[in-house]
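Listed below are the residues making up each chain.
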Amino acid sequence: MESMGTLRRTHYAADLLKTPVGAEITVAGYVARSRDLGNLIFIDVRDVTGLVQLAFGDSTPQELFNKAKAVKSENVVMAKGVLRERSSKTDKIATGAYEIDVTELRHLSGAELPPFEIRDEINVRDDLALTYRYLDLRRPSMARTLILRNKIAMCARNYFYENHFIDIETPYLIKSTPEGARDYLVPARLHPGHFYALPQSPQLYKQLLMLSGFDRYFQIVRCFRDEDLRADRQPEFTQIDLEMAYVDIDDVLAVNEGFLKRVFKEVLGRDIETPLRRMTYKEAMERFGSDKPDTRFGLELTDLSDLVKDSGFSVFSGAVAAGGGVRAINAKGLADRLTRKEIDKLTELMKGHYKAKGLAYTRFTADARSSSFEKFLSPEEIAAVDARMDFAEGDVLLIVADANRQITYDALGALRVELAHKYGLFDKDRFDLLWITEFPLFEYSEEDGRYHAKHHPFTMPMDEDLELVESDPGACRAKAYDIVINGTEAGGGSIRINDPALQRRMFKALGFTEERAQQQFGFLIDAYKYGAPPHGGLAYGLDRLVMLLLQLDDIRDVIAFPKIQNASELMSGAP
RNA sequence: GGCCCGGUAGUUCAGUUGGUUAGAACGCUAGCCUGUCACGCUAGAGGUCAUGAGUUCGAGCCUCAUUCGGGUCGCCA
């Protein structure tokens, strides 16, 4: 091991491209790979920006040459020398046309052999990579990802700052919230038996800031939810959180469209068309079976209830009679690939995961038209279904019928996504952004026998639905919106209630007694008595945004030190 | 909490119907090599087949349990 002495880095790998040949420069980093050709040695040094090749040959003094020979993988080195063009170039790496003719090499640190090779091409077991996450992070793709994440965060900061949003920190040790996800709890030493909760979001605080006169608030903030993990869900995650006063829906969406346009331009160099498309919750459910529709492909749902309600197939007629419905997808042109066996697999998926009773089908190949249900239908009914579905040779018709309409949505919504991914039915290079609006204000909980707030209890009802809060809560729509990108919810928000009287009605509809509302949200209810401008906001999942922009499918790939499925952290062993 | 998938050399994997000494590639070690860039060539080291029990003349392979990891449903206002 040697010290740096007076040597200091002058250039990163990426800087080579804008440095004149002949310059004397110093680089530093890890030995990614060395190639010893006998009387010629090449060493690839990796820094956070990329690779640079060190060359040792004819002009290298013997002592220096021997030193270069002894350097092993992942050792830390610093090298000074003259930038020159390679006599044989490669376009496989960014700096492939250049190398450094080394005059001085410092061997700053040895290194044990890492438990896995540090290369992007290699696919190491997740748990091993995460146990040695600090080594995993040396991989160039991880560096690229975290640099890009930073760029997105900077872009958000700049944009919102320029638009007069003020970054204000909100507390992490807060009062536990009654509804929603489970809270992480922290014991309060000075109050034995009492606990703080870690915030699921800064929701209440950002609303209070609007009442304090900070018209526009913004924060990139960590949030915590003690729920099970998924490929796109971590127990602690980062939100780009914002709130604005003196606004209605259109104002919030417009500001955020500006942000999205800028992020896509700055980070990916892509122009997205604004204003973004908007779709109501109702339309999204009916056409795509989901409140976060992936609109990069078709396979839309079609309601067949009216055509088959009197049919001899009791599964169909029964579902309609029970108040549910019969919905279908036409898997256009997939008859050859979607074999009977594949359909059976999909049926199991629908039954197992989405509570569908089954999956009715008609498969129309050049050889035959086979169906699980057509024998029960009249020729007129079949013809009517064909016409509505635009069903023809080469297609497969897939139908879910259920007394519960939601099940037909869930099952077919998942089915169209499954089909599209399995058979590559969309352009992977495309980005579809849209707003989903007019969410239901309430959601009925069978378990609790009462309505829950779908977004949160401070969400403003739509102006024309105000009376429905009492008369028909299930039909009442909210001033709530989600931003959906390629079938993923990237963010969401709402306009908040700023009228104490309306807030009281809301609590009442949710089954809160006056006392309970006061106990849990007293400070907030009181605050609204002292003058509250109309306001609303939105929060993005930063992790998901990074994932989407980089087209990654695991949220752990965009977080430096993520947790695994049981919410522990393999490297440190927490908790 | 339910269901599904997986654990074989440092790494990624193969391993036939249960049958002799468990293989490959990469990595590692040593030697040779003056333009490589996944350098090449030669040789070598490296294995409690996740753990435990069972079935069997015989188990990497079959059974059960445990454990670790992954996916998914519930859950995620």
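Structural data are supplied above this passage.
Residues numbered from 1 in each chain as written. Chains lettered and ligands numbered in written order. Predicted model: local features only at pLDDT ≥ 70, side-chain atom pairs only at ≥ 80, totals over all residues. Heavy atoms only, no water.

Core analysis: the biggest nonpolar cluster contains 104 residues, and Phe-160, Ile-240, Phe-259, Leu-338 and Leu-398 have the highest contact counts within it. In terms of residue count, the dominant contributor to this core is helix H6 (residues 249-268) (nine residues). Among all residues touching Leu-338, those that are not within four sequence positions of it are Ala-331, Ile-343, Leu-346, Arg-363, Val-396, Leu-398, Leu-419 and Tyr-423. Judged by nonpolar contacts, the second largest core, of 23 residues, contains Ala-13, Val-45, Leu-54 and Leu-83. (Core = buried A, V, L, I, M, F, W, Y, C linked by side-chain atoms within 4.5 Å. Buried < 20%, exposed > 50% of the residue type's maximum accessible area, 1.4 Å probe, protein only. Helix = DSSP H or I, 4+ residues; strand = E, 2+ residues; numbered from the N terminus. Contact = heavy atoms within 4.5 Å.)

The next subject is the protein's contact with RNA strand B. In the vicinity of RNA strand B there are 51 residues, among which Arg-33, Asp-58, Glu-227, Lys-454 and His-455 approach most closely. When atoms of RNA strand B within 4 Å of the protein are sorted by moiety, sugar and phosphate together comprise 53%. With respect to RNA strand B, the backbone of Asp-36 contributes an N or O atom lying 2.7 Å from a base nitrogen. Ser-88 places a polar main-chain atom, nitrogen or oxygen, 2.6 Å from a base nitrogen of RNA strand B. Every element with two or more residues in the surface near RNA strand B is listed here: strand E1 (24-36), helix H2 (126-131) and helix H10 (340-354). Looking at side-chain class alone, the surface near RNA strand B contains 13 nonpolar, 16 polar and 22 charged residues. (Near = heavy atom within 4 Å. Polar contact = N/O pair within 3.5 Å; in protein donor to acceptor, adjacent residues only side chain to side chain. Nonpolar A, V, L, I, M, F, W, Y, C, P; charged D, E, K, R; others polar.)

It is worth spelling out the packing of aromatic side chains at this point. Under the counting rule described, the total for this entry stands at 24 aromatic pairs. Ring plane angle 35° and centroid distance 6.1 Å describe the contact between Phe-364 and Phe-391, whose orientation is recorded as tilted. With Phe-364 in strand E14 (residues 360-364) and Phe-391 in the loop between helix H11 (379-389) and strand E16 (396-402), this residue pair connects regions lying 27 residues apart in the sequence. Aromatic ring contacts, followed pair by pair, group Tyr-159, Phe-160, Phe-165, Phe-218, Phe-259 and Tyr-540 into a single cluster. Sitting over the face of the ring of Phe-364, Arg-369 holds its NZ or CZ atom 5.2 Å from the ring centroid. (Phe/Tyr/Trp six-rings, centres within 6.5 Å; stacked < 30°, edge-to-face > 60°. Lys NZ or Arg CZ within 6 Å of the ring centre and 35° of its normal.)

Moving on: unusual backbone geometry. Following Thr-274, the chain continues into Pro-275 via a peptide bond in cis, with omega recorded as 0°. Among the secondary structure elements, Pro-275 is positioned in the loop between H6 and strand E11 (277-280). A cis amide bond links Ala-574 to the next residue, Pro-575, at an omega of 0°. In this model, Glu-74 sits at a positive phi of 70°, which is unusual for a non-glycine residue. The residue Glu-74 is located in the loop between helix H1 (62-70) and strand E4 (76-85) in this model. Phi at His-164 takes a positive value of approximately 70°, unusual for a residue other than glycine. Note on placement: His-164 falls in the loop between helix H4 (140-162) and strand E6 (166-167). With relative accessibility at 64%, the residue His-164 sits in the exposed group.

Function cannot be inferred from these measures alone, as they are strictly geometric.
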